[in-house]
Structure formats: structure tokens, C-alpha cells
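Close look at the chain arrangement
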Amino acid sequence: MTLNSKVPSGPIEDKWETHKFEMKLVAPHNKRRFTIIVVGTGLAGAAAAASLGELGYNVEVFTYHDSPRRAHSIAAQGGINAAKNYKNDGDSVRRLFYDTVKGGDYRSREANVHRLAEVSVDIIDQCVAQGVPFAREYGGLLDNRSFGGAQVSRTFYARGQTGQQLLLGAYQALARQIAAGTCRLHNKSEMLDVVVKDGRAVGIVCRDLLTGEISRHTGHAVVLATGGYSNAFYLSTNAMYCNVTAAWRAHRRGALFANPCFTQIHPTCIPASDEFQSKLTLMSESLRNDGRIWVPKDPDDTRPPDQIPEADRDYYLERRYPAFGNLVPRDVASRAAKREVDNGHGVGPLENGVYLDFSNAISRLGRSAIEEKYGNLFEMYERITDENPYSVPMRIYPAPHYTMGGLWVDYNLMTTVPGLYAAGEANFSDHGANRLGASALMQGLADGYFVLPYTIGDYLAEHLGESLVPTNDPAFDDVESDVIGRVARLVGNKRGTRSPDHYHRRLGKILWDNCGMERSREGLGKALAEIPALHDEFRRDVRILGSDDGLNSSLEKAGRIDDFFQLASLMCRDALDREESCGGHFRVEHQTEDGEALRDDENFSYVAAWEWTGEGAEPALHKEPLVFENVELAQRSYK
């Protein structure tokens with residue numbers, strides 16, 4: 001299989017404009033002849049469905065929620081990046097492009113990143129027009145704040161509710177198209193497989209989560225905007241529903257899965273308080289604007305934090321990285337926190353956290369200013385911990401958060417299966433080995449509003465006049481048979497004794513211990529031996545109460561966990577194969593003298609795209625070389 005990224009030629013600042021002109025078009029009166037399936041209603045999915053419906057396509061949009069407003073995009077707190085330079089502090093499209101490539105440790109495709117930086121400025125205008133209530137300065141201009149990995153203020157925000165407000169904007173655009181009849185919404189409907197005929201995607205098979213009914217849906221193209229896979233770790237900042245099933249089923253049907261080991265550990269999470277905890281809570285990275293991170297210099301210092309004087313505190317990020325301080329990228333901040341806890345400096349009842357302290361900012365700016373910026377985040381923290389962060393520092397620790405890996409896509413966001421697209425966190429394309437904070441919302445809306453509406457027409461133009469593949473076609477029969485058989489095997493295992501959650505927790509511990517913040521050859525080999533054995537036990541011993549002909553949350557979980565097992569093996573395989581450290585992928589065998597990630601550009605400057613070769617068979621590795629013509633490869637430094 002040859003990977004063709006379809007990156008256009010020419011200077012990088014002209015590639016996107018040139019490509020838009022050179023792509024084939026579908027005339028307005030012909031768009032209504034095409035049906036497009038969009039799976040997922042987060043920012044990428046809702047934006048794509050609304051935009052495609054506005055253009056005149058017939059759009060079938062699917063969500064397993066009761067409403068698109070429940071998508072996990074709602075949980076994003078801190079902001080969305082855009083290179084508007086409203087602060088006049090030196091920002092530009094070029095600088096956002098550079099910061100993103102550097103922040104991803106030089107493992108992203110230059111052309112995609114530059115396009116993302118270009119369209120970022122249009123995203124803000126789009127959202128303001130939709131009524132998104134971004135924070136404003138005294139004079140009425142939109143306000144910005146800083147995020148990790150940048151020395152400029154380019155993050156637009158709506159207090160600590162940015163994801164919610166952006167999702168409501170996308171949802172109202174989608175709702176308008178639903179009312180107009182161009183989009184048809186299928187809620188409480190989970191996609192369980194992709195239908196491929198003659199080498200191209202022609203539909204999906206779903207299960208109604210309320211009735212258990214299996215249904216077939218046909219389309220000229222399929223867009224997957226189904227998010228990331230951090231819930232493979234069990235404990236993560238993701239919503240409990242987040243999973244990999246849609247992308248993994250597409251992978252099994254021929255879509256390559258790229259860089260699965262590139263997972264992000266977010267440094268600003270409330271530490272776990274119990275080994276049976278099922279969810280971790282994220283505190284926004286925006287808090288690092290005014291909060292200072294520290295630990296007691298003496299590991300045996302058990303005084304309350306407000307009684308520890310400045311001389312006895314180690315502001316370790318400010319000490320190690322003076323140029324960026326507390327706003328170093330997430331992977332750097334996370335590893336630094338882990339190092340402190342591992343060295344005995346952890347704080348809190350379980351000694352598994354570090355302090356995020358606002359006393360200096362409150363003294364300098366006043367409590368009211370901090371309340372205006374972060375009030376809802378402080379309230380959330382207090383409700384969870386019963387500690388008042390205005391009086392005592394927050395306790396934070398890294399946790400699995402975002403995944404940079406995903407389905408491989410070309411410049412048009414098409415996977416290796418023609419007609420099958422992946423948008424937002426479901427694809428791998430823009431962030432390399434580490435995502436800068438506030439860039440997830442940027443990519444989701446860029447893909448949905450400003451990329452797919454152009455690129456999907458280039459594919460559809462070649463199929464003008466072709467009828468939809470009927471849902472009684474043998475290709476649909478075969479896929480539905482596979483889905484029914486899979487569901488029946490899970491429900492039919494009446495001899496099982498353990499719940500799906502039992503196995504998910506065990507899988508997550510293996511993955512976190514061996515393929516989490518630190519990876520080693522020994523640990524990854526151990527995981528690759530333990531995961532298949534546990535997967536076999538899961539299939540023999542998992543117990544699904546109830547039946548498959550109605551609402552059954554245990555059945556939903558079991559199907560998703562079954563896919564997590566196979567993905568976890570691929571994550572470890574990818575991490576073992578990549579003999580370097582880069583971004584969130586930290587191999588202990590490859591680090592600098594001061595413990596930073598050490599890349600091997602000569603041997604690993606490529607996208608690792610894995611091909612499914614069958615149940616129990618070794619996956620096949622394909623490589624897309626990464627060429628850097630506009631950014632000079634260098635060892636990352638934030639000092």
C-alpha cells in the first residue's frame with residue numbers, strides 16, 4: 001500500500017488556496033443528488049454536518065447521545081487558538097504554524113498544520129457571528145490569554161466554558177439545517193461498522209441504543225468525527241461514553257491507523273483519590289496563566305501549604321524552564337510533575353499531586369479578577385475536593401487526556417478507504433506527538449467548517465450521477481451479519497462471571513503502567529504479553545446482564561472494551577517500534593542528560609500508519625515520510 005498524502009505543490013502559504021482552486025467542484029444544483037453520512041456531533045461532526053447541509057447536500061447525522069449538545073466537546077474549558085494578534089504581541093499565522101509543529105515535537109505534516117493556522121482566524125469570526133460569548137476587554141474587543149507552548153496570547157475563551165459555548169454555536173447551526181430538511185438527525189444510534197463495496201465506503205450499520213434494532217444506512221461518502229481513545233486507559237479525563245469503536249471498525253475495514261502511541265497526558269487534573277475511581281476531572285490549562293506550580297523542597301514537609309514559606313517551596317517549572325515557566329507544553333509539564341512525585345515530593349493524602357497556587361495572583365490582581373476569569377472552575381474544584389482554592393492551592397497531577405493518533409488521512413481528510421473521511425480528534429493529522437492546549441477546538445472547527453466542505457466535493461464530483469448503493473446489497477448483508485454475530489456472542493456468554501468494567505479497569509492499569517507517561521522496551525513487551533491473555537479471558541468470562549433487544553449499557557460497554565483491547569495492543573506495538581522519545585511518547589531509553597525527550601530524526605521522522613491484517617495477526621507498518629521545508633528540525637527547548 002502506498003500512502004499518498006496529496007499535499008499540493010508550491011510555497012506552503014499558497015498550498016491551500018491553490019488546492020481549493022484545483023479541486024473539482026459540485027455545482028449547487030447537483031449537491032442535492034448526494035447523501036453524506038456524518039457520525040459524531042461534537043465540534044467537528046456538528047460543524048461538518050451543518051456546513052454540508054447549508055451547501056445543499058443531504059446529510060444523515062448520527063449520535064449515540066440523546067442530543068448533539070451532549071458531545072464531549074462540551075467539556076473543553078480553556079479556549080480556542082487563533083492567530084489574530086489582537087494583543088499585538090508578535091503573533092501571526094507563521095508563528096502559530098511554528099509553535100504547533102514545535103509543540104508536536106516535529107512529528108506532524110507541515111502542510112496540514114499551516115492550513116490549520118490559516119483558517120484559525122476565520123473560525124473566530126464564524127463563532128462570533130453565531131453568538132458565542134467570548135470574553136471581551138473593557139473596550140469591547142475580544143480578549144485573549146496564554147496557553148502552554150506559546151509566548152504570545154492567542155487563546156480566545158468564554159470563562160471556563162469555551163467548549164460548551166462553541167458546541168452550542170455549532171449545534172444551533174446544525175439545528176437550523178435539521179429544520180430546513182437538509183440534515184436528518186439519528187440520536188441514540190451507535191455506529192458499529194462501516195460498509196465497503198468495491199473498495200470504497202458506501203454506508204454504515206448502526207444499533208439503536210433504546211430498542212436494540214440494527215439498521216443500515218447508505219451514503220455517497222462517510223465522515224467519522226467520533227473523537228479520541230484515551231478511555232483505553234480506563235481512568236482519563238474523557239467522558240465515560242468516549243470510545244474507539246467507530247474508528248476501529250473502520251480500521252478493520254481497511255483504514256490505516258496512524259501513530260496510535262501518540263497519547264497526551266494533561267498536567268492539570270485533580271489527582272485520583274481512590275483506586276476504584278472511574279473518572280478523572282480535568283482542570284483547565286488556562287489556570288496555568290495565573291497559577292504557580294510548586295512542591296515543598298523537603299519531601300518530609302507535611303505543613304499545610306499556606307504555612308510553607310516561599311523559601312521552602314520549589315517552583316520547579318519556573319526554575320527549569322525560565323523562558324516559558326508554568327506555560328511549558330503539556331508533555332513537558334506532565335513529566336516534570338511525575339518526576340517530583342516519584343522523587344517523594346508529592347502532596348495530598350496519597351502524596352500523588354503537586355500544588356497549583358493562586359495566592360500570588362490574588363494578591364496582585366485581587367480576588368474579583370480571578371473570579372471573573374476562573375470562577376466556575378474554582379467552584380467545580382471545591383465541589384469535588386471540598387477545598388477552597390481561593391484559600392489553599394489546588395492539587396493537580398497528570399492524566400490521560402487527548403490522543404494525537406487516529407485514522408490516517410490525506411490532505412483532503414480522506415482515509416485510505418476512498419469515500420471515508422475522518423475529522424477532528426478521530427484523525428491523526430495536525431498535532432504530531434503532542435497537542436498544544438486550545439488547539440483541539442481549533443482543529444475540530446477547522447475540519448468541519450473550512451476543510452471538509454471543500455475537499456469532499458473533489459471526491460463526490462467523480463461520482464456524479466451514481467445511485468446510492470441499496471441497503472439490500474450483499475455488502476450490507478455481510479456487514480450486518482458480522483454486527484449481529486458480534487452482539488450475540490457478547491450477550492450469549494451466560495457462563496461469564498465478571499462485569500465489563502472489571503476488565504476495563506485491568507486493561508487500563510496495564511496500559512497506564514507500561515504505555516502511559518513513560519514507556520520502556522521491557523514494559524511494552526510485558527504489556528504485549530498480558531493484553532492478549534486478558535482479552536481472551538474477557539471474551540470467555542465477561543458477563544452481560546439483560547438482552548440485546550433494548551437498552552443495555554453493559555452490552556454497549558462490552559463492545560467498546562472489546563475494541564479497546566485490540567487498540568491497546570496496537571498502541572504498545574507502535575510505542576515499541578518507535579525507538580525514540582518525542583512529545584508525549586517518552587521512551588526511558590531515549591532521553592537527554594536532563595531528562596528531556598530525545599528524538600531520532602534520521603530513523604523516525606515519519607508517520608507510522610498500521611494496517612489491520614486479521615484477528616491475531618501482526619499488523620503491517622506503512623510509513624509516510626515527514627519532510628520539513630519550512631521549519632528547521634531542532635531539539636525542543638523551553639528554557
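Throughout, a residue's number is its position along its own chain's written sequence, starting from 1. Two thresholds apply to this predicted model, a pLDDT of at least 70 for residue-level local features and 80 or more for giving and counting side-chain atom pairs, whereas whole-chain, interface and lining totals are computed over all residues. The basis for every side-chain value is the complete set of heavy atoms in the structure, and neither hydrogens nor water enter the calculation.

Moving on, we get to the overall build of the chain. The helix count covers DSSP runs of H or I at least four residues long, the strand count covers runs of E at least two residues long, and both are numbered beginning at the N terminus. In terms of regular secondary structure, the chain is built from 17 helices and 19 strands. Each of the three principal axes of the chain carries a C-alpha extent, and together these read 75 × 60 × 50 Å. Throughout, exposure labels follow a simple rule: accessible area from a 1.4 Å probe, protein chains only, divided by the maximum for the residue type, with under 20% read as buried, over 50% as exposed, and the rest as partly exposed. Within the chain, buried positions represent 62% of all 639 residues. In the chain, of all internal contacts separated by at least 6 residues, the share reaching a separation of at least 24 is 74%. Accessible surface, the chain as shown: approximately 24000 Å² in total, 48% of it carbon and sulfur. When charges are tallied, Lys and Arg are placed among the positive residues and Asp and Glu among the negative ones, while His and the ends of the chain are skipped. One atom stands in for each charge, and that atom is NZ of Lys, CZ of Arg, CG of Asp or CD of Glu. Each charge sign in the chain was given a centre, from 72 positive and 87 negative side chains, and these centres are 2 Å apart. Whether two residues are in contact is decided by their heavy atoms: any pair within 4.5 Å suffices. We get accessible surface area from the Shrake-Rupley algorithm with a probe of 1.4 Å; when it comes to residues, only the shown protein chains can shield them.

Let's shift gears to the sheet that holds strand β6 (residues 189–197). The pairing criterion is simple: DSSP has to find at least two bridges between the two strands. Strand order in the open sheet formed by 3 strands is β6-β7-β8, and the pairing between neighbours is antiparallel. Unpaired on one side and paired on the other, β6 and β8 (214–218) mark the two borders of the sheet. Across the sheet, the mean angle separating the axes of adjacent strands is 25° when strand polarity is ignored. Here strand β7 (residues 200–208) pairs with β8 via 5 bridges, running antiparallel. Note on β8: the bridge partner recorded for Val205 is Arg216. Interaxial angles span 0 to 180 degrees and are taken between N-to-C directions of axes, which are lines fitted to C-alpha atoms, for helices over the stretch in contact.

In this section: the sheet that holds strand β10 (residues 257–258). The sheet built from 4 strands is open, its strands ordered β16-β10-β18-β19 with antiparallel pairing. Single-partner strands in this sheet number two, and they are β16 (406–407) and β19 (620–625). Looking at chain direction, strand β18 (residues 606–611) and β19 are connected through 6 bridges and run antiparallel. In the sheet register, Val607 faces β19, and the bridge partner there is Glu624.

So, about the domain arrangement of the chain. Quoted interface sizes are often the accessible area lost when the parts come together. For the purposes of this description, domain bounds are those given by an automatic or database domain assignment. Under the domain assignment, the chain is made up of domain 1 (267–400) and domain 2 (483–625). The gap between the C-alpha centroids of domain 1 and domain 2 is 31 Å. Contacts between domain 1 and domain 2 engage 12 residues on the former and 11 residues on the latter. Of the roughly 870 Å² buried between domain 1 and domain 2, counting both surfaces, carbon and sulfur atoms make up 56%. Joining two parts hides part of their accessible area as seen by a 1.4 Å probe, and the buried area is that hidden amount summed over both.

Salt bridges are counted wherever a side-chain nitrogen of Lys or Arg sits within 4 Å of a carboxyl oxygen of Asp or Glu. Within the structure shown, the criterion is met by 59 salt bridges. With a closest N to O distance of 2.9 Å, Arg107 and Asp601 form a salt bridge. Here the residue Arg107 occupies a position in the loop between α4 (93–103) and α5 (110–129), and Asp601 occupies one in helix α17 (residues 601–604), the gap between them amounting to 494 residues. The exposure class assigned to Arg107 is buried, which follows from its relative accessible area of 1%. Each of Asp105, Arg107, Asp331, Arg335, Arg578, Glu580, Arg599, Asp601 and Arg636 takes part in a single network of salt bridges with overlapping partners.

Right, let's get into the pairing of β6. β6 sits mainly inside the fold: 7 of its 9 residues count as buried. Here 8 bridges tie β6 to β7, and the two strands are oriented antiparallel to one another. For Lys197, the partnering residue across the bridge sits in β7 and is Arg200. Counting the residues in the hairpin turn of β6 and β7 gives 2 residues, including Asp198, whose phi is positive at 55°.

Once that is clear, we can look at the side chain of Lys188. By the secondary structure assignment, Lys188 is in the loop between β5 (183–186) and β6. We note that Lys188 is buried and unpaired, the nearest opposite charge coming from Glu556 at a distance of 6.0 Å. Setting aside anything within four residues of it in sequence, one finds Lys188 in contact with Thr63, Tyr64, His65, Asp66, Arg207, Asp208, Leu209, Leu210 and Tyr241.

Disulfide: a pair of cysteine sulfur atoms within 2.5 Å of each other. This structure, assessed with the given rule, holds 0 disulfides. Take Cys261: it sits in no disulfide, and the sulfur closest to it among the cysteines is that of Cys515, at 6.4 Å. Since its relative accessible area comes to 0%, Cys261 is described here as buried. We note that Cys582 lacks a disulfide partner, and the nearest cysteine sulfur, in Cys261, lies 6.8 Å from it.

As a further point, take the environment of Ser146. Along the chain, Ser146 falls in the loop between α5 and β4 (155–156). Taking the C-alpha atoms as reference, Ser146 lies 18 Å from Val101; in sequence the two are 45 residues apart. A polar side-chain atom of Ser146 sits 3.1 Å from a polar atom in the side chain of Ser153. We call two N or O atoms a polar contact when they sit within 3.5 Å, provided that within protein one can donate a hydrogen and the other can accept it, with sequence-adjacent residues counted only if both atoms are side-chain atoms.

What follows is about the packing of aromatic side chains. Pairing of aromatic rings covers Phe, Tyr and the six-membered ring of Trp, with a centre-to-centre limit of 6.5 Å; geometry is then stacked below 30 degrees between planes, edge-to-face above 60, and tilted otherwise. This model, assessed by the stated rule, comprises 22 aromatic pairs. For the pair Trp248 and Trp612, a centre-to-centre distance of 6.1 Å together with 85° between the ring planes defines the contact as edge-to-face. Separated by 364 residues along the polypeptide, Trp248 in helix α7 (residues 245–252) and Trp612 in the loop between β18 and β19 bring together distant segments of the chain. Its relative accessible area of 21% is what places Trp612 among the partly exposed residues. Seen from their ring centres, Phe358 and Phe378 are 4.9 Å apart, and the 65° between their planes marks the pair as edge-to-face.

Let's shift gears to the side chain of His220. For His220, the position within the fold is in the loop between β8 and β9 (221–224). Its relative accessible area of 6% is what places His220 among the buried residues. Reaching out from His220, the side chain makes a polar contact with the backbone oxygen of Glu466 at a distance of 3.1 Å.

A helix is expected to reach a length of 1.5 Å times the quantity of its residues less one. Its 19 residues give helix α11 (residues 367–385) an end-to-end C-alpha distance of only 20 Å, which falls more than 12% under 27 Å, the value for a rise of 1.5 Å per residue. Axes are fitted to the seven residues ending at a residue and to the seven starting at it; the angle between these axes is taken as the bend at that residue. Most pronounced at Tyr374, the bend in α11 amounts to some 85°. Along α11, the positions that sit buried rather than exposed are Ile370, Tyr374, Gly375, Asn376, Leu377, Phe378, Tyr381 and Thr385. Buried residues belonging to α11 abut α10 (359–365) and β15 (394–403). The positive-phi residue at the C-terminal boundary of α11 is Asp386, with phi of around 60°.

Attention now moves to the packing of α7 against helix α16 (residues 553–577). Following both chains from N to C, one finds α7 and α16 inclined at 60°, their axes separated by 10 Å at the closest point. Between α7 and α16, the interaxial angle falls into the category oblique. Our pair here, α7 against α16, has a crossing hand that is left-handed. Across the interface between the two elements, Thr245, Trp248, Arg249, His251 and Arg252 from α7 touch Gly559, Arg560, Asp563, Gln566, Leu567 and Leu570 from α16. Amino acid classes used here: Ala, Val, Leu, Ile, Met, Phe, Trp, Tyr, Cys and Pro are nonpolar; Asp, Glu, Lys and Arg are charged; the rest, including Gly, are polar. Considered class by class, the residues forming the contact of α7 with α16 number 3 nonpolar, 4 polar and 4 charged. Orientation labels follow simple angle bins: below 35 degrees gives roughly parallel, above 145 gives roughly antiparallel, 65 to 115 gives roughly perpendicular, and whatever is left gives oblique. Crossing handedness follows the turn of the near helix against the far one: under a right angle anticlockwise gives a left-handed crossing, and clockwise gives a right-handed one.

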